Amino acid sequence: MILSAYELGFRLLNERIRSVNGDVTVYDCFGERFIGAGASSKTIVINGTPGNALGMYLDGATIIVNGNSQDAVGDTMNDGKIIINGNAGDALGYAMRGGIIFVRGDAGYRTGIHMKEYKDKKPVIIIGGCTGSFLGEYLAGGCIIVLGLNTDDYPAGEFTGVGMHGGEIFIRSSKPPVNLPGQVTAGIAGEEDICRIKDDIQEFSEVFNIKTEEIFSKPIYRLVPNGKNPYKRLYMDN
Amino acid sequence: MFRNISGCAISGVFSKSGRRFSGKLIIDSIAAMHERSNGLGGGFAAYGIYPEYKDCYAFHIFYDNESAKEECEKFLASHFDIITLSKIPVRKIPQITDEPMIWRYFMVPLPSKLADSQLDEREFVVRCVFRINSTIDGAYVFSSGKNMGVFKAVGFPEDVGRFYRLEEYEGYCFTAHGRYPTNTPGWWGGAHPFALLDYSVVHNGEISSYDANRRNIEMYGYQCMLKTDTEVITYMIDYLHRKKHLTLKEICTVFAAPFWSTIEIMPYPEREELEYLRNAFESFLITGPFSIIVGFDKGIMALNDRLKLRSMVVGEKDDMVYIASEEAAIRVIENEPDRVWSPKGGEAVIITFEEGTE
């Protein structure tokens, strides 16, 4: 089914998307919110600029955006896939707990804030370009990969990993990360670490037609919290 | 269940070549963010709309009643040469109700009165604005610049635009605001933009430092009486730019100063300058989430708080610059911009006329 977002407005558009059994193509999209919220079993292709909270609570469906997205894409997403053929706004993958998000270009501030994992639920975000500050803020689980394919500089802003206490962040850069918070350790990713993310990177390279040799042509740093309970000293022993 | 999904919306459009265009464009832009407002305030600032009176101060005034108007006009006549005055033309629509009397005056200060005051002309005008707003009950000057005007009301911004027939005005710069008041009343005077002389501010956010900023600016003779935090930003810009002669870039550094930890690792002399600005203008630091668009006679400025707790996107196409809370509000009026980007938190975006523009 093909739907004009601009004509329908966000409420009707989302009602129509929910009521359709098959795949959906949305065009003329100018900031309509909540597209694909909670969707579990279809592919939604969006041409334009989807509004905030695209694919929130997504539960297995696939969303493909031909354009840039706005803020809070994949908010509390549980399963499925979001592919952005452009840039993403702030708070991408906010509190995400499963599924995968690919962004071709840049992402804004607070990418992957409050992301978490549990048993086999392990969310993954891969950014082709750069991110703003507070990357992986309060990260509790899952994996964020920043590739910086469009820059020779370090591809993340300031205050990466503030409050991070789980999960891992990979940053591809010829310059090492600086000014990390005390509870985060960075080092060149080992072979085992790369092995764990290889399949996701392979898929990313196929989706956007980027050669994997290019991706692996620079060092990849891995950031993890140092110790099981990095905030232990903040609490009383009892 | 009613779930509030709002948050204010701001938008701005500026032609670097000074080309004038209809106010319809900014209405279309702000309307795309309808969901960010709740109908309790909308407004516009428009620059370059009064070329036939470009040397006059254009006062836009709300009156609650006839006696306020009489008293105010008496005051105006004794301080200004009133070139012309009229009701601001509006379109009666069901979405906008309970409007006050809305009048417009094109004026120049009376030479004798100005000379007696021993003030420069702009300071004279500012003092008159505060005098009316603080002493004449039921009169409120909400616009006082040259060749520009503010149009605001209680309602959704696109309705406010239609109410004021904004599409009939042509200007080189427009800013807009859709309001979702959080902890202050939604009333006509409290709608954005807030303006003084040709400075106007639209603001999305909530200033945690409001009271500290207010106490500080009141020491310099500015009275905050509009029950909302954005007012204080306008006065701080007027004070720092017009009186202290700080550049707009320096003002952005004062408002959204980098953290000390960031300043510490900067090279000299940049570090020295930042330390000076943070120390000298400490009480002008704005904390809490904000994105603002400032209009002034020569251009447009945009700024995010240093943590970037509000979204803001900038777009460019030929001589046009677009700034909005959401990229969609730019795309809806220019779907193929040459460039679209999100400025960093605390990064000043200042755009002025191209060289040679009159």
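What counts, and at which threshold
Residue positions are given per chain, counted from 1 along the sequence in the order it is written. Chains carry letters and ligands carry numbers; both start at the beginning, A for chains and 1 for ligands, and go up in the order they are written. Residues qualify for local features only when their pLDDT is at least 70, as the model is predicted, and side-chain atom pairs are given and counted only at 80 or more; totals for whole chains, interfaces and linings, by contrast, use all residues. In DSSP terms, a helix is any run of H or I states spanning at least four residues, a strand is any run of E spanning at least two, and both are numbered starting from the N terminus. Neighbour counting defines burial: a residue surrounded by 20 or more other C-beta atoms within 10 Å of its own C-beta is buried, one with 12 or fewer is exposed, and intermediate counts give partly exposed, using backbone-placed C-beta atoms. Two residues qualify as a contact pair if the distance between their C-beta atoms, derived from the backbone, is within 7 Å. The angle between two axes is taken between their N-to-C directions and runs from 0 to 180 degrees, where each axis is a line fitted to C-alpha atoms and a helix contributes only its stretch in contact. The cut-offs work like this: below 35 degrees is roughly parallel, past 145 is roughly antiparallel, 65 to 115 is roughly perpendicular, and the gaps in between are oblique. Two helices crossing with the near one rotated counterclockwise from the far one by less than a right angle form a left-handed crossing, whereas a clockwise rotation gives a right-handed crossing. Segmentation of the chain into domains, including their bounds, is taken from an automatic or database domain assignment. Three residue categories are used. Nonpolar comprises Ala, Val, Leu, Ile, Met, Phe, Trp, Tyr, Cys and Pro, charged comprises Asp, Glu, Lys and Arg, and polar comprises the others, including Gly. One bridge is not enough; two strands pair if DSSP finds at least two bridges between them.

Before going further, it helps to spend a moment on the overall build of chain A. Check the secondary structure of chain A and you find three helices and 11 strands. Dimensions along the principal axes, computed over C-alpha positions, put chain A at roughly 55 × 50 × 30 Å. Expressed as a percentage of its 238 residues, the buried residues of chain A come to 49%. Considering only residue pairs separated by 6 or more positions, chain A has 37% of its internal contacts joining residues 24 or more positions apart.

Residue and element names in this part refer to chain B. Contact geometry for helix α7 (residues 230-243) and helix α8 (residues 248-255): axes closest at 10 Å, N-to-C directions at 135°. Regarding the angle of α7 to α8, the classification is oblique. As α7 runs across α8, the sense of the crossing is right-handed. Contacts between α7 and α8 involve I237, L240 and H241 from the first element and L248, I251 and V254 from the second.

Residue and element names in this part refer to chain B. Here chain B is described as being made up of domain 1 (12-49 + 147-352) and domain 2 (52-146). Facing 23 residues of domain 1, the contacting portion of domain 2 comprises 26 residues. When contributions to the side of domain 1 that touches domain 2 are tallied by element, the ones reaching two or more residues are β8 (148-153), α5 (157-163) and β11 (194-196). The element that contributes the greatest number of residues to the side of domain 1 that touches domain 2 is β8, accounting for five residues. Residue composition of the side of domain 1 that touches domain 2, by class: 12 nonpolar, five polar and six charged.

Moving on: the interface of chain B and chain A. Every contact between the two is made by 16 residues of chain B and, on the other side, 16 residues of chain A. Per-element accounting of the side of chain B that touches chain A gives the leading share, four residues, to helix α11 (residues 327-331) of chain B.

All names here are of chain B. Spatially, the seven strands line up as an open sheet ordered β8-β3-β10-β1-β16-β15-β17, and their pairing is antiparallel. At either end of the open sheet lies a strand with only one pairing partner, and these are β8 and β17 (339-341). The average angle at which neighbouring strand axes cross in this sheet is 10°, direction not considered. Note that strand β1 (residues 9-15) and strand β16 (residues 320-324) share five bridges and pair antiparallel. Paired with V13 across the two strands is Y322, which belongs to β16.

All right, on to the sheet that holds strand β6 (residues 101-109) of chain B then. Residue and element names in this part refer to chain B. Taken together, the four strands give an open sheet; going across it, the order is β5-β6-β4-β7, and neighbouring strands pair in antiparallel fashion. Each having just a single partner strand, β5 (80-87) and β7 (139-143) make up the two edges of the open sheet. Neighbour-to-neighbour, the strand axes of the sheet open up by a mean angle of 30°, direction not taken into account. Pairing between strand β4 (residues 57-63) and β6: seven bridges, direction antiparallel. Bridge pairing in β6 links A58 to F106. Sitting on the sheet, helix α4 (residues 121-135) is in contact with β4, β6 and β7, with an inclination near 140° to β7.

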